[in-house]
Amino acid sequence: MDKKQNEKFMRLAIEEAMKSLEPLRCGVVIVKNGEVIAKTYNSQRESKNSSAHAEIKALGVAGQVVGNKNLNGCDIFCTCEPCLMCVSAITFAKIERLFFGISLSDVSPADKRININIDDFLKKSPYKFQIIKNFLEDECKVLI
């Protein structure tokens, strides 16, 4: 995919994030072969479910669409850097590339998150994927 298409998908993730009622609004889009197969936003308080992060929800939808828990060949666009729970799920799903806009360290106090660097996490992971950090970061900052 080219840069213009990637920007289009991240802007779609931003649109999803705008639907969220959370203090930190997050949106996610998952793409396979240039087609959107999932788009979601975080809704922990609304759903009363602590795991209702946009990434977790999107992985579930995408798995149903492709008929498999493995999302080989898929890209995920996240307005915010995924937390440890979400990056673990992304790893298990075998996502190919992760694009994120805002770093967790910029939006969440250290005492409110498990502070494990995503690069360090991937060094220890048996499955590797490409990370494109701070993608459309300025546009994603409207969400905080």
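Above this note sits the structure.
Below you will find a few notes about this structure. (Residues numbered from 1 in each chain as written. Predicted model: local features only at pLDDT ≥ 70, side-chain atom pairs only at ≥ 80, totals over all residues. Heavy atoms only, no water.)

## Here's the deal with the packing of aromatic side chains
Inference 1: By the definition in use, this model includes three aromatic pairs.
Inference 2: When the centroid spacing of 5.5 Å and the interplanar angle of 50° are considered together, the rings of F9 and F77 count as tilted. Placement of F9 in helix α1 (residues 3-17) and of F77 in strand β3 (residues 74-80) is noted, with a sequence separation of 68 residues between them.
Inference 3: We classify F9 as buried; its relative accessible area is 2%.
Inference 4: Given the relative accessible area of 0%, F77 is considered buried.
Inference 5: Consider the rings of F99 and F135, whose centres lie 5.1 Å apart with planes at 65°: the pair is edge-to-face. Placement of F99 in strand β4 (residues 97-102) and of F135 in the loop between β5 (130-132) and α7 (137-140) is noted, with a sequence separation of 36 residues between them. Of the two residues examined, F99 and F135, each falls in the buried class.
Inference 6: Joined through ring pairs, the aromatic side chains of F9, F77, F99 and F135 make up one cluster.
Inference 7: Between K57 and the ring centre of Y41, over which it is positioned, the NZ or CZ distance is 4.6 Å.
Inference 8: The side chain of K94 reaches across the aromatic face of Y127, ending 5.9 Å from its centre. (Phe/Tyr/Trp six-rings, centres within 6.5 Å; stacked < 30°, edge-to-face > 60°. Helix = DSSP H or I, 4+ residues; strand = E, 2+ residues; numbered from the N terminus. Buried < 20%, exposed > 50% of the residue type's maximum accessible area, 1.4 Å probe, protein only. Lys NZ or Arg CZ within 6 Å of the ring centre and 35° of its normal.)

## Considerations on the pattern of salt bridges
Oppositely charged side chains can pair when the atoms bearing their charge come close.
Inference 1: Applying the stated rule across the entire model yields nine salt bridges.
Inference 2: We note a salt bridge from D119 to K133, for which the minimum N-O separation is 2.4 Å. Residue D119 is located in helix α6 (residues 118-124), and its partner K133 is located in the loop between β5 and α7; the two are separated by 14 residues in the primary sequence.
Inference 3: Through salt bridges with shared partners, a single ionic network connects K3, E7, R11 and E139. (Salt bridge = Lys/Arg side-chain N within 4 Å of Asp/Glu carboxyl O.)

## Overview of unusual backbone geometry
Inference 1: Non-glycine residue N33 carries a positive phi angle of around 55°.
Inference 2: Within the element layout of this structure, N33 appears in the loop between β1 (27-32) and β2 (35-41).
Inference 3: The residue N134 is not glycine, and still its phi comes out positive at about 55°.
Inference 4: With respect to the helices and strands, N134 occurs in the loop between β5 and α7.
Inference 5: Given the relative accessible area of 33%, N134 is considered partly exposed.

## A look at the sheet that holds β1
Inference 1: One open sheet holds the five strands; their spatial order is β2-β1-β3-β4-β5, and the pairing between them is mixed. Bordering the open sheet on either side are β2 and β5, each of which pairs with just one other strand. Between one strand axis and the next, the sheet turns through 15° on average, direction left out of account.
Inference 2: Summarising the sheet, β3 and β4 pair through five bridges and their orientation is parallel. Note that in β4 the partner of D75 across the bridge is R97.
Inference 3: Its contacts with the sheet put helix α3 (residues 54-66) on β1, β2 and β3, and the angle it makes with β2 is roughly 145°. (Pairing = 2+ DSSP bridges. Axes fitted to C-alpha atoms, helices over the stretch in contact; angles between N-to-C directions. Contact = heavy atoms within 4.5 Å.)

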